[in-house]
Amino acid sequence: NKNFIIPKHKDPTNVGESILVGFGKYTGGEINIEYEDEEGFEPITKTYDIRRNGGVIFNGALHKHYVSPFELPDGTNRYSLVFFKSMYNKKLKNNI
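Everything quoted here is computed from the prediction, not taken from an experiment.

Quick notes on the pairing of strand β3 (residues 31-35)
Where a strand is regular, its side chains alternate between the two sheet faces. When you tally the buried positions in β3, you get 4 out of 5 residues, the bulk of the element. Sheet topology places β3 next to strand β4 (residues 44-48); 5 bridges connect them, and they run antiparallel. From the neighbouring strand, Ile33 faces β4, where its bridge partner is Lys46. Where β3 lies against strand β6 (residues 65-67), 3 bridges are found, and the strand directions are antiparallel. Across the sheet, the residue bridging to Ile31 is Val67, located in β6.

Section: the nonpolar core
Inside soluble globular proteins, nonpolar side chains tend to come together where they are buried. Of all hydrophobic cores here, the largest spans 10 residues; its members are Ile6, Leu20, Tyr26, Ile31, Ile33, Ile50, Val56, Phe58, Val67 and Phe70. Listed by contribution, the elements that provide at least two residues to this core are β3 and β5 (56-58). When near neighbours in sequence (up to four residues on either side) are disregarded, Phe58 contacts Glu17, Ser18, Leu20, Ile33, Tyr35 and His65.

Concerning unusual backbone geometry
The backbone of Asn3 shows a phi angle near 55°, a positive value even though the residue is not glycine. Within the element layout of this structure, Asn3 appears in the segment before β1 (14-23). Of note in this structure, Asn53 is not a glycine but carries a positive phi near 55°. Tracing the backbone shows Asn53 in the loop between β4 and β5.

So, how was this worked out
Residues numbered from 1 in each chain as written. Predicted model: local features only at pLDDT ≥ 70, side-chain atom pairs only at ≥ 80, totals over all residues. Heavy atoms only, no water. Buried < 20%, exposed > 50% of the residue type's maximum accessible area, 1.4 Å probe, protein only. Helix = DSSP H or I, 4+ residues; strand = E, 2+ residues; numbered from the N terminus. Pairing = 2+ DSSP bridges. Core = buried A, V, L, I, M, F, W, Y, C linked by side-chain atoms within 4.5 Å. Contact = heavy atoms within 4.5 Å.

Here it is as structure tokens:
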């Protein structure tokens, strides 16, 4: 993704964990992941800078997630890469 603020969502067709990493010189732009509280209270949101520590691993099908607004210095971009397995991978492989 290039310079894209992703709204809050889940990825229902993802299977298992995803890896999200970021690149660029920007401020803000963290990934926010909502984890359900085991007692049924409000979700707990954790915020991660995906440029640090090799990114973040989480299950996008189970947890709502979104990107915080960000600022770009002139001439720069915010890039993010998402590595995931789709429930459709097997179907695609059979049709290739």
